[in-house]
Structures are given as C-alpha cells and as structure tokens.
Amino acid sequence: MAASFQSIAKVLCRLSPSTLQPLRHYQSCLQRLPVRSYLALPPFVPPHHCLCTAASLQDGEAAQAAEALLRYKDRPWDYLESEEYIERYGANPVWAGYRRNHKGGIPPQKTRKTCIRGDKICGNPCPVCRDPNVIIHHQNVKLLQQFISPHTGLLYDPTQTGVCMKQQKKLNEAVNTARDHGLLPFQIPYVEFAGEDYSNSHDAVGSTPPPQSLSSGTSWYPWYSEISPDEKEVAKVKKTYKAYLKS
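Residues numbered from 1 in each chain as written. Predicted model: local features only at pLDDT ≥ 70, side-chain atom pairs only at ≥ 80, totals over all residues. Heavy atoms only, no water.

Taking an unreviewed UniProt entry as the reference, the protein is identified by name as Small ribosomal subunit protein mS40 belonging to Sander lucioperca. Entered under Sequence similarities (unreviewed entry) in the UniProt record, the comment concerning the protein runs "Belongs to the bacterial ribosomal protein bS18 family. Mitochondrion-specific ribosomal protein mS40 subfamily." In UniProt, the protein has this text filed under Subcellular location (unreviewed entry): "Mitochondrion". (UniProt positions renumbered as here; feature names shortened; annotations may be inferred.)

Shown next as structure tokens:
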C-alpha cells in the first residue's frame, strides 16, 4: 500500500511540482500512523482543485452580476416593476430615507458634483449612483415622476432627494425630453379672459407713422437743435486733442 502510494506521489510530483510539499506532508503523517488507521482516512485531494472550484464560483457570480446589469439596460422601466425593486424599495421612491455622510451636525448646502470619478466611488453615493439598475431615461416615466412634485410640477431640489449634480442634470434633460414627446403632462397656468380689447387697432400698437419730410438745415429731432454744449467741456476736449486738431 505504501509502495503504491509512493509511486503515485512520484508521478504527480513530476507532473505538477506545486503538489510536492502537501504530498510529502501527507505521506509523513501516514508513515507515523498504523496501517488500520490510515486506511480509514479520506483520499488526498490536491489543493488546486479547491482553488479551481472557488475561481469557478467567482466567475459564475460575476457572470450573474453582469447579466443582471444588462437585463435592464435596454428597458430600464422594467426594473421598477420587478420583484427585486419591490423587495428593496417597496412603494417608496428610490430617494426615500437617503442620508448623506457629512462632517459635523450641519448638512452641506449643495450636493456632490458627482459620485463616481473614473474608477473611484465615494463612500455613500447618491440614490441614483448607488443602484446600477436605476437608469435615467426619458421613457422611464415612473422613475421621473418620483422626482417631480405633484403640486408644482417642478423637480425636487437635489438637497431634498440627495441626488448629485451630474444625475440632477440628467433628470432635467430627461424630464424636458419626456414632456416634448408627450410622456409627461405640462402644467400651464389658467388665465381668465377679462373681455378687454387685445386688437392692434389702438394707438399703442398701431402702425408706425411715416417720417417727416426734412428741409435743408433742419434736424431730424426738434429737441436736438435746442441742445448747446458746455463751453468749459468743449475747451477741455480741444486742449486734450490740440495736436490732432492742428493737423
């Protein structure tokens, strides 16, 4: 039994030198035990099998995460109706209960410029940057309505929702595009008609009268001929440009 194990160990060591040390340790332990004891031991498993299993599990998890991100890339509005969204947010908007990390007891007056700069992500990203499945798009009406006040029709201030300025700019563009496409309603103030005359028949908005005919020696505006310049100011100007006036 020991001779057969030694021959197998020599073959494995020739194929993979990395298994030499664990095999020697396992063989030395077998030599110290009696025959009946080491026959009941489980077979030796090289450590590289465990590493391959862990690597395969990590690759599988990474593939599942990439698949989940691509699932809502083309249709981001499907995420708001999925079980994953309901389990995480429920019936609340994505910014409900968000609190930004800041120093001191007084919160900052403005939100961050951006939460993601290159490969660096801040400690507590905004509600849009922290969830990669929340994608701002002009057709994602349910998401845009979460950031619009139902009373005024305006976007909430970013200090209230905690959204960074980069995502707030995207929200403004998406809301304007959605309103242009007719996906979001407009709120136009109602003006009651008072019965006044809005025609252009009165003198305030009537046609411009033709210019007066000018004779030689008369000015276009009658008040322009009545203005006489100050003699002191004229003397200062002549003194300043004395050299130019001589030429």
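A.B. asks: Just give me the short version of the environment of L70, but keep the residues and values in it.
C.D. replies: Within the secondary structure, L70 is located in helix α4 (residues 47-71). Taking C-alpha positions, L70 is 8.8 Å from N133, a pair spaced 63 residues apart along the chain. (Helix = DSSP H or I, 4+ residues; strand = E, 2+ residues; numbered from the N terminus.)

A.B. asks: Could you give an account of the packing of aromatic side chains, with specific residues and numbers?
C.D. replies: Applying the stated criterion across every chain yields a total of five aromatic pairs. Between Y72 and Y79 the ring centres are 5.2 Å apart and the planes differ by 65 degrees, which places this aromatic pair in the edge-to-face class. Owing to a relative accessible area of 7%, Y72 belongs among the buried residues under this scheme. One aromatic cluster is present, built from ring pairs that chain together Y72, Y79, Y85 and Y89. (Phe/Tyr/Trp six-rings, centres within 6.5 Å; stacked < 30°, edge-to-face > 60°. Buried < 20%, exposed > 50% of the residue type's maximum accessible area, 1.4 Å probe, protein only.)

A.B. asks: Just give me the short version of a nonpolar patch on the surface, but keep the residues and values in it.
C.D. replies: Together, V237, Y241, Y244 and L245 make up an exposed nonpolar region whose accessible area comes to about 480 Å². Topologically, L245 is positioned in helix α10 (residues 242-246). For L245, a relative accessible area of 58% puts it in the exposed group. (Patch = residues over 30% accessible without salt bridge, like charges linked within 9 Å, V, L, I, M, F, W, Y side chains within 5 Å. Areas by Shrake-Rupley, 256 points an atom, 1.4 Å probe, with all protein chains shown as cover. Salt bridge = Lys/Arg side-chain N within 4 Å of Asp/Glu carboxyl O.)

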